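Chain residues, written in single-letter form:
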Amino acid sequence: MWTYHEDQDDPPFLLLVGSSGGHLAQLLALRSWYERWHRCWVTFDTPDALSLLADEEVVTAHHPTTRNVRNLLRNAVLAVRVLRRRRIAAVVTTGAGVAVPFVVFAWLRRIPTVYIEVYDRIDTPTLTARLCRPFLSSMLVQWEEQRRHYPEATVVGPLL
């Protein structure tokens, strides 16, 4: 565990973590739920992500993450830094690889972690979900069929 000195007067933040593209689109679909929270996003500095989040606080993560150990380590350092500097109420993610270090380090700090499995993976679980699963407070899925892989999950219905 790390030492964390938080200012109790600071409002807690919701940390929304997701790769750009479809992962980010699914998190954005939760707007009516997250808009009441102070929030911070972790995603890639791609033109689409930066445009969609123009009015939001964004921490840019390192990419690509697929089979890239160097960026995994860089994102692990980023996760530690973000989680230490902010009073985080929960981490919510749809994946992909950028989610792993944020979920693991949030779990170590006893911060609730929520994973939402993407809508287009019905027959097989994603690698990111399998890696994050032991560290999750809640697993959400968008289709009842996904519960074959995640029997403990809550079905929330399609986000898109």
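*Asks:* So what about the sheet that holds strand β7 (residues 154-155)? Which residues, and what values?
*Replies:* An order of β3-β2-β1-β4-β5-β6-β7 is seen for the 7 strands of this open sheet, with the pairing classed as parallel. What marks the edges here is a single partner per strand, and that holds for β3 (58-60) and β7. Across the face of the sheet, helix α4 (residues 69-85) comes into contact with β1 (13-18), β3 and β4 (88-95) while running at roughly 155° to β3. Contacting β1, β2 (38-43), β4 and β5 (113-116), helix α5 (residues 99-108) runs over the sheet at an angle of about 150° to β4.

*Asks:* Residue-level account of the pairing of β5, with values.
*Replies:* Residues Thr113 and Tyr115 line one face of β5 and the alternating positions Val114 and Ile116 line the opposite face, and both faces are buried. By the bridge criterion, 3 bridges tie β4 to β5 in an arrangement that is parallel. Note that in β5 the partner of Thr93 across the bridge is Tyr115. Note that the unit made of β4, α5 and β5 has a crossover that is right-handed. As judged from the 3 bridges shared by β5 and strand β6 (residues 138-141), these two strands associate in the parallel manner. When the bridges of β6 are listed, Ile116 appears paired with Leu140. Taking the sense of rotation as the criterion, the β-α-β connection linking β5, helix α6 (residues 127-132) and β6 turns out right-handed.

*Asks:* So what about the nonpolar core? Which residues, and what values?
*Replies:* By size, the foremost hydrophobic cluster in this structure holds 21 residues, and its most contacted members are Leu15, Val42, Leu83, Val91 and Phe102. Of all the secondary-structure elements, those providing two or more residues to this core are β1, β2, α4, β4 and α5. Counting residues per element, this core draws most heavily on α4, at 6 residues. Residues within four places of Val42 in sequence aside, it is in contact with Leu15, Leu16, Val17, Gly18, Val59, Ala61, Val98 and Phe102. In terms of nonpolar packing, the next biggest core, distinct from the first, is built from 16 residues, Leu30, Tyr34, Ala90 and Leu140 among them.

*Asks:* Tell me about α5, residues and numbers included.
*Replies:* Within α5, 7 of the 10 residues are buried, leaving the element largely enclosed by the surrounding structure. Considered for burial, the residues of α5 that qualify are Ala99, Val100, Pro101, Phe102, Val103, Phe105 and Ala106. The secondary structure elements touched by the buried residues of α5 are β1, β2, α4, β4, β5 and α6. Just downstream of α5, Arg110 is the residue with a positive phi angle, here 60°.

Calculation rules
Residues numbered from 1 in each chain as written. Predicted model: local features only at pLDDT ≥ 70, side-chain atom pairs only at ≥ 80, totals over all residues. Heavy atoms only, no water. Pairing = 2+ DSSP bridges. Helix = DSSP H or I, 4+ residues; strand = E, 2+ residues; numbered from the N terminus. Contact = heavy atoms within 4.5 Å. Axes fitted to C-alpha atoms, helices over the stretch in contact; angles between N-to-C directions. Buried < 20%, exposed > 50% of the residue type's maximum accessible area, 1.4 Å probe, protein only. Right-handed = clockwise from strand over helix to strand, strands pointing away. Core = buried A, V, L, I, M, F, W, Y, C linked by side-chain atoms within 4.5 Å.

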